[in-house]
Amino acid sequence: MNKMNQHFDFIDGQLCAENLPLSKIAAEVGTPAYIYSAAAMKSQYDSLAGALKQAMPDRDAPLLCYAAKANSNIAILAYLKSLGCGLEIVSEGELVRALEAGIDPKTIVSTGVGKQKSEIAAQLKAGIHQINVESIPELELINQIASELNLKADIVFRWNPNVKGGGHEKITTGRTRDKFGIGEDRIEEAYGLAEQMENITPRGLSMHIGSQVFTVESFKQAFETLPALVQKLRANGHTVERLDIGGGFPIVYKDEKLLDLNAYAQWVADIIAPLDTQIILEPGRYLVGNAGVLLSEVLFVKKTDERDFLVVDAGMNDLIRPAMYEAHHEIEAVQSTNRPWQTYDVVGPVCETGDTFTRGRELPELEQGELIAFKSAGAYGFAMASNYNTRPLPAEVLVNNNTYSIIRQRQSYQDILDQENIPDWIRK
Ligand code: LLP
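Fair warning: this is a prediction, and the values are worked out from it, not measured in the lab.

A.B. asks: Which residues make up the overall build of the chain, and what values do they have?
C.D. replies: Counting secondary structure elements, the chain contains 14 helices and 20 strands. Computed over the C-alpha atoms, the radius of gyration of the chain is 23 Å, within 12% of the 22 Å expected from 2.2 N^0.38 for a compact globule of 428 residues. Its C-alpha atoms put the chain at 70 × 65 × 40 Å along the principal axes. The burial tally for the chain puts 56% of its 428 residues in the buried class. Taking the contacts inside the chain whose residues are at least 6 apart along the sequence as the reference set, 70% of them involve residues at least 24 apart. Total accessible area on the chain is roughly 18,600 Å²; 49% of this is exposed by carbon and sulfur atoms. Of the charged side chains in the chain, 41 are positive and 57 negative; the average position of the first set lies 2 Å away from that of the second.

In structure tokens form, the structure reads like this:
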């Protein structure tokens, strides 16, 4: 079902987040700004948790470790925790956020091919649920650090099943040629080594084949690699008591026909559940993607002989997905009108042609000063924003019914300059 517009819909001709007109937020907070709907996140969480419960009524609910990288604002982390989520983190920074948001370390899993010494130490000291190990050198480093700290590290090995899964080349992670995980040839060796290590407890396997996985069969194909592997490991005396099956569940950006959540849950029930392990998922985009919009103001309508540009105040530094992945985001005029449709290239102010959100998009005729919303911007939107062109990071706002909270102030120029310094030898 296309849930994209459920919580961002028109009321009395005004595009609203839940029951709050976006124009009101823009007037008070300014633009560009990311606006999130709490109800939209809850409805996504309920759908996923509900589908899993329905498919597996008699077992403990899987641990849903929200992938913080999708949107790591501490208010979002705290809200998803209140719904029942744990967290998947990929850096020490995300651990710091998790602890600030009050997430129980026992519900945190850590992934990433390049974990640094200080990051591993911080994770071990915090006592997180598990480190998902991506290589043998990483395993050795974790053992060494755990031994220095006199701790035991709970780890799982990230299995690379050699399955193509992502919605774009740059977000496909489960093939042998991708940098992630450990393949067939080394997984048994890694398990054997881990069991010899004093400060490591191997608990099982993890897997994440990609993001925005809309090739329905990919999940099934990847899941189906697990039973034989688990049986082989167990037959050789290894303990496999946790399976972390990653994230990647897709959302609707345009008119994609997506995998039915119930079918996905049924695959988990049919293929993973019989292996009798704790089940962990790492959903990111699914929980927050359609729960956010990027609100922006039209700066100019610039007409040329060839095309009309809608120059808006959000740029590629605020939302990089179109430039980086040719991603499609629906665009909506915030005030509904019955003006005729026009064809626009929607572009930002940044000094490169890559700062183009879309070409040849049909939109109702718009005027300078009017507002537009980029839909489905809740995941990998703000999280990937930068200060390119010394543009301050946008504000973030969380709507709850007809009220809102600013969950991140717009960055000031002073915030940016405070990080920099001119050495005395240049000043003189
Ligand atoms: N687990 C691991 C190990 C991951 O690497 C990721 C995403 C996830 C879970 C969550 O995946 P999700 O459920 O959100 O698909 N910036 C890109 C997406 C990069 C995804 C990176 N890893 C985009 O804007 O499309």
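A.B. asks: Help me get a handle on the site of the ligand, residues and values and all.
C.D. replies: Taken together, 19 residues sit near the ligand, with Ser211, Glu282, Arg285, Arg321 and Tyr380 positioned nearest. The contact in question runs from an oxygen atom of the ligand to an N or O atom on the side chain of Ser211, over 2.4 Å. In this structure, Tyr380 approaches the ligand through a side-chain N or O atom, which is 2.6 Å from an oxygen atom. By residue class, the composition of the shell around the ligand is six nonpolar, seven polar and six charged. Two domains share the shell around the ligand, each providing at least three of its residues, namely domain 1 (3–37 + 289–417) and domain 2 (62–283).

A.B. asks: Account for the packing of aromatic side chains, with residues named and values stated.
C.D. replies: The tally for this structure, following the rule as stated, stands at ten aromatic pairs. An angle of 75° between the planes, with centres 5.0 Å apart, marks the rings of Phe249 and Tyr264 as edge-to-face. Taken together, the residues Phe249 in the loop between strand S11 (242–244) and helix H10 (261–272) and Tyr264 in helix H10 connect sequence positions 15 residues apart. Ring centres of Phe357 and Phe374 lie 4.4 Å apart, and the angle between their planes is 45°; on these two criteria the pair is classed as tilted. Of this pair, Phe357 sits in strand S17 (residues 356–364) while Phe374 is found in strand S18 (residues 371–374), placing the two residues 17 residues apart along the sequence. Of the two residues examined, Phe357 and Phe374, each falls in the buried class. An aromatic cluster is built from Phe219, Phe223, Phe249, Tyr264 and Tyr286, whose rings are joined through pairwise contacts.

A.B. asks: Can you tell me about the sheet that holds S11, naming the residues and giving the values?
C.D. replies: Around the barrel, eight strands lie side by side as S5-S6-S7-S8-S9-S10-S11-S12; this closed barrel has parallel pairing. Along the sheet, successive strands turn relative to each other by an average axial angle of 30°, direction set aside. As defined by bridge partners, strand S10 (residues 200–206) adjoins S11 across three bridges and the pair is classed as parallel. Its bridge partner being in S11, Ser206 is matched across the sheet by Asp244. In the packing of helix H6 (residues 136–148) onto the sheet, contacts are made with strand S8 (130–133), strand S9 (153–158) and S10, and the angle to S8 comes to roughly 150°.

A.B. asks: So what about the pattern of salt bridges? Which residues, and what values?
C.D. replies: Here the idea is simple: oppositely charged side chains can pair when their charged atoms come close. Applying the stated criterion across every chain yields a total of 18 salt bridges. For Asp308, the salt bridge is made with Lys303, and the minimal N-O distance between the two is 3.4 Å. Of the residues examined, Lys303 reaches a relative accessible area of 57% and is grouped as exposed. A salt bridge links Glu306 to Arg307; the nearest nitrogen and oxygen atoms lie 3.1 Å apart. By relative accessible area, which is 65% here, Glu306 ends up exposed. Look at Arg307 and you get partly exposed, because its relative accessible area is 28%. When salt bridges with common partners are traced through the structure, they connect Glu306, Arg307, Asp345 and Arg359 into a single cluster.

A.B. asks: Any chance you could break down unusual backbone geometry for me, citing the residues and the numbers?
C.D. replies: Leave glycine aside and you will find that most residues have negative phi; peptide bonds, for their part, are mostly trans. Put simply, Thr31 and Pro32 share a cis peptide bond, and its omega is -10°. Among the secondary structure elements, Pro32 is positioned in the loop between helix H1 (22–29) and strand S4 (33–37). Unlike most non-glycine residues, Gln212 shows phi in positive territory, near 50°. By secondary structure assignment, the location of Gln212 is in the loop between S10 and helix H8 (217–223). We classify Gln212 as buried; its relative accessible area is 5%.

A.B. asks: Now, about the domain arrangement of the chain: what can you tell me, with residues and values included?
C.D. replies: Domain annotation of the chain identifies domain 1 (3–37 + 289–417) and domain 2 (62–283). The straight-line distance from the C-alpha centre of domain 1 to that of domain 2 is 33 Å. Contacts between the two partners involve 21 residues from domain 1 and, on the opposite side, 14 residues from domain 2. Here domain 1 meets domain 2 over a buried area of about 1,600 Å², counting both sides, of which 56% is carbon and sulfur. Taken as a group, Tyr325, His328 and Tyr380 account for 31% of the area that domain 1 buries against domain 2, more than any other trio of residues on that side. Taken together, domain 1 and domain 2 are joined by zero salt bridges. Elements with a contribution of two residues or more to the side of domain 1 that touches domain 2: helix H12 (321–325), strand S19 (395–400) and strand S20 (403–408).

A.B. asks: Let's hear about the sheet that holds strand S1 (residues 8–11): which residues, and what values?
C.D. replies: An order of S1-S2-S3 is seen for the three strands of this open sheet, with the pairing classed as antiparallel. Both outer strands of the open sheet, S1 and strand S3 (20–21), are each paired with one neighbouring strand and no more. Of the strand pairs in this sheet, S1 and strand S2 (residues 14–17) are connected by four bridges, and their pairing is antiparallel. The residue of S2 that forms the bridge with Asp9 is Cys16.

A.B. asks: Tell me what's going on with the nonpolar core, and back it up with residues and numbers.
C.D. replies: If you look at the biggest cluster of nonpolar residues, it comprises 108 residues, and the most contacted ones within it are Tyr66, Phe157, Leu205, Phe223, Val346 and Phe374. Per-domain counts for this core show at least three residues from each of domain 1 (3–37 + 289–417) and domain 2 (62–283). In terms of nonpolar packing, the next biggest core, distinct from the first, is built from 18 residues, Val293, Leu295, Ala373 and Ala395 among them.

Cut-offs applied
- Residues numbered from 1 in each chain as written.
- Predicted model: local features only at pLDDT ≥ 70, side-chain atom pairs only at ≥ 80, totals over all residues.
- Heavy atoms only, no water.
- Helix = DSSP H or I, 4+ residues; strand = E, 2+ residues; numbered from the N terminus.
- Rg over C-alpha atoms; globule rule 2.2 N^0.38 Å.
- Buried < 20%, exposed > 50% of the residue type's maximum accessible area, 1.4 Å probe, protein only.
- Contact = heavy atoms within 4.5 Å.
- Areas by Shrake-Rupley, 256 points an atom, 1.4 Å probe, with all protein chains shown as cover.
- Lys, Arg positive; Asp, Glu negative; His and termini not counted.
- Charge placed at Lys NZ, Arg CZ, Asp CG, Glu CD.
- Near = heavy atom within 4 Å.
- Polar contact = N/O pair within 3.5 Å; in protein donor to acceptor, adjacent residues only side chain to side chain.
- Nonpolar A, V, L, I, M, F, W, Y, C, P; charged D, E, K, R; others polar.
- Domains from an automatic or database assignment.
- Phe/Tyr/Trp six-rings, centres within 6.5 Å; stacked < 30°, edge-to-face > 60°.
- Pairing = 2+ DSSP bridges.
- Axes fitted to C-alpha atoms, helices over the stretch in contact; angles between N-to-C directions.
- Salt bridge = Lys/Arg side-chain N within 4 Å of Asp/Glu carboxyl O.
- Buried area = accessible area lost by both parts, 1.4 Å probe.
- Core = buried A, V, L, I, M, F, W, Y, C linked by side-chain atoms within 4.5 Å.

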